[in-house]
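# Notes for the structure review
Take a look at the letters that make up each chain.
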Amino acid sequence: RERGFFPEPLLGACIVCGISAMFAGVVQGLAGGTTFDLGRKPGVTEVTSWLIWAEAAIALASMLFLLFGGAGVIRRSEATCFPIPSEVQERLQRGAPLINMSNIPGPPGSPTHGSYCVRCLVWRPARERAGTVHHCNTCQRCVHGFDHHCGVFGRCIVRHNMPCFGA
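The structure contained in this document is the topic of the report that follows. The written sequence of each chain sets the order in which its residues are numbered from 1. It should be noted that, the model being predicted, local features are given only for residues of pLDDT at least 70 and side-chain atom pairs only at 80 or more, the latter also being counted only at that level, while totals for whole chains, interfaces and linings use all residues. Only hydrogens and water are removed before side-chain values are computed, so all heavy atoms of the structure are retained for them.

### Quick look at a nonpolar patch on the surface
Put simply, the rule reads: Patch members must show over 30% relative accessible area and no salt bridge, and they are joined within 9 Å when carrying like charges or within 5 Å when they are nonpolar side chains of Val, Leu, Ile, Met, Phe, Trp or Tyr. For the accessible areas, the method is Shrake-Rupley and the probe is 1.4 Å, while residue cover comes only from the protein chains on display. One speaks of a salt bridge when a side-chain nitrogen belonging to Lys or Arg is within 4 Å of a carboxyl oxygen belonging to Asp or Glu. Put simply, DSSP H or I for four residues or longer makes a helix, DSSP E for two residues or longer makes a strand, and each gets a number counted from the N terminus. The buried label applies to any residue whose accessible area, calculated with a 1.4 Å probe on protein chains only, is under 20% of its type's maximum; exposed applies above 50%, and partly exposed to all values in between.
Where nonpolar side chains cluster on the molecular surface, the patch consists of L11, I15, I19, M22, F23, V26, L30 and V152 and spans about 740 Å² of accessible area. Along the chain, L11 turns up in helix α1 (residues 7-30). Residue L11 is classed as partly exposed on the basis of its relative accessible area of 46%.

### Here we look at the side chain of H135
Rules: The term polar contact refers here to a pair of N or O atoms within 3.5 Å; inside protein, the definition further demands a hydrogen-donor-capable atom paired with an acceptor-capable atom, and it admits residues adjacent in sequence only when both atoms are side-chain atoms. The criterion used for residue contact is that any of the two residues' heavy atoms lie within 4.5 Å.
Locating H135 in the fold gives a position in strand β4 (residues 133-136). Its relative accessible area of 2% is what places H135 among the buried residues. At a separation of 3.3 Å, a polar atom in the side chain of H135 contacts the side chain of Q140. Among all residues touching H135, those that are not within four sequence positions of it are C117, R119, C120, R124, Q140, R141 and C142.

### Points about α1
Stated precisely, the cut-off is as follows: In this analysis, the expected span of each helix is defined as 1.5 Å times one less than the number of residues it contains.
Between its first and last C-alpha, α1 extends 34 Å over 24 residues, near the 34 Å set by a 1.5 Å rise per residue. Against α2 (44-68) and β7 (155-158) lie the buried residues of α1.

### With respect to the sheet that holds strand β2 (residues 115-117)
Short version of the rule: Paired strands are those between which DSSP finds at least two bridges.
Ordered by their spatial adjacency, 3 strands build an open sheet running β1-β2-β3, and the pairing between neighbours is antiparallel. The open sheet terminates on both sides in strands that have one partner only, identified here as β1 (104-105) and β3 (122-124). In this structure, β1 lies alongside β2, joined through 2 bridges in antiparallel fashion. Bridged to I104 within β2 is Y116.

### Quick word on the nonpolar core
Selection rule: Here, nonpolar core refers to any group of buried Ala, Val, Leu, Ile, Met, Phe, Trp, Tyr and Cys residues whose side-chain atoms link them within 4.5 Å.
The biggest cluster of nonpolar side chains holds 9 residues, and these are A13, V16, A59, M63, L66, L67, C150, F153 and I157. Of all the secondary-structure elements, those providing two or more residues to this core are α1 and α2. Per-element tally for this core: the top contributor is α2, with 4 residues. Contact partners of A13, with chain neighbours within four places excluded, come to M63, L67 and F153.

### A few points about the state of the cysteines
Put simply, the rule reads: What counts as a disulfide here is a pair of cysteine sulfur atoms lying within 2.5 Å.
Going through the model one piece at a time under the given rule, you end up with 0 disulfides. Unpaired in this structure, C117 has its nearest cysteine sulfur neighbour in C120, at a distance of 3.5 Å.

Encoded structure:
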């Protein structure tokens, strides 16, 4: 990745950590700075403090999964790149741009060659097999289950990492 990529995830990490610390601090302050004594029965303030710290831990874990977990990206390999469709191959050999081309449909009934993305040059799986596969114009990659590109975290939000936002 280029250097300009890394400030987005860093910003998202700072936002999540800052908001989590702020909420945990406010709840801890409202609880009167209660210390956790496991030898006595906890009151409402102690339980609330434990719950807010647990939520902060869940938010941190979700952020780490979002930043470092897979986002359903279709990786380039021999299986996903070949065979190159003849119209794409002809343009590449002539040095002509692929900008005006549409995605090329694969052979009918093929489970692995649904359509060929002319922007990232990979075969996307058939819709019946993979569900929605979309090319992210920001990341310049095809991803499974695409919802949107998040400018705060610099990541594609897809079906696979969507549960992170429930935290």
